[in-house]
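Per-entry structural report
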Amino acid sequence: MQNLEEQIAHLTRTVEEMSDVVARQETEIALLIRRVQMLMEREAEREQAGAGGIVLGDERPPHY
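Residues numbered from 1 in each chain as written. Predicted model: local features only at pLDDT ≥ 70, side-chain atom pairs only at ≥ 80, totals over all residues. Heavy atoms only, no water.

1. Structural notes on helix α1 (residues 2-49)
- The terminal C-alpha atoms of α1, which comprises 48 residues, lie 70 Å apart, in line with the 70 Å expected from a rise of 1.5 Å per residue.
- Once α1 ends, the next one or two residues include G50, with phi positive near 75 degrees. (Helix = DSSP H or I, 4+ residues; strand = E, 2+ residues; numbered from the N terminus. Expected span 1.5 Å × (residues − 1).)

If you want it as structure tokens, here you go:
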């Protein structure tokens, strides 16, 4: 019986620790989602303004 009680206590502690990790990850994910949305909005504004100065792959820069 004592062995079962020890296992239950261990499992309870593990579940509580995992719950804390999940809660922290939820907060971090929400923050990252907000940051990505901000970056996407900022990039959309740059594209609308015509100031997209990033050269990708074999694309030649506009000054050539």
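2. Some words on the pattern of salt bridges
- For the structure on display, the rule yields two salt bridges.
- Here E17 makes a salt bridge to R13, at a shortest N to O gap of 3.9 Å. Of this pair, E17 and R13 both sit in helix α1, four residues apart, which is roughly one turn of the helix.
- Residue class for E17 comes out partly exposed when judged on its relative accessible area of 46%.
- Residue classification places R13 among the partly exposed residues on the basis of a relative accessible area of 47%.
- The partner of R46 in a salt bridge is E43, and the shortest N-O contact between them spans 3.9 Å. Of this pair, R46 and E43 both sit in helix α1, three residues apart, which is roughly one turn of the helix.
- Residue E43 is classed as partly exposed on the basis of its relative accessible area of 28%. (Salt bridge = Lys/Arg side-chain N within 4 Å of Asp/Glu carboxyl O. Buried < 20%, exposed > 50% of the residue type's maximum accessible area, 1.4 Å probe, protein only.)

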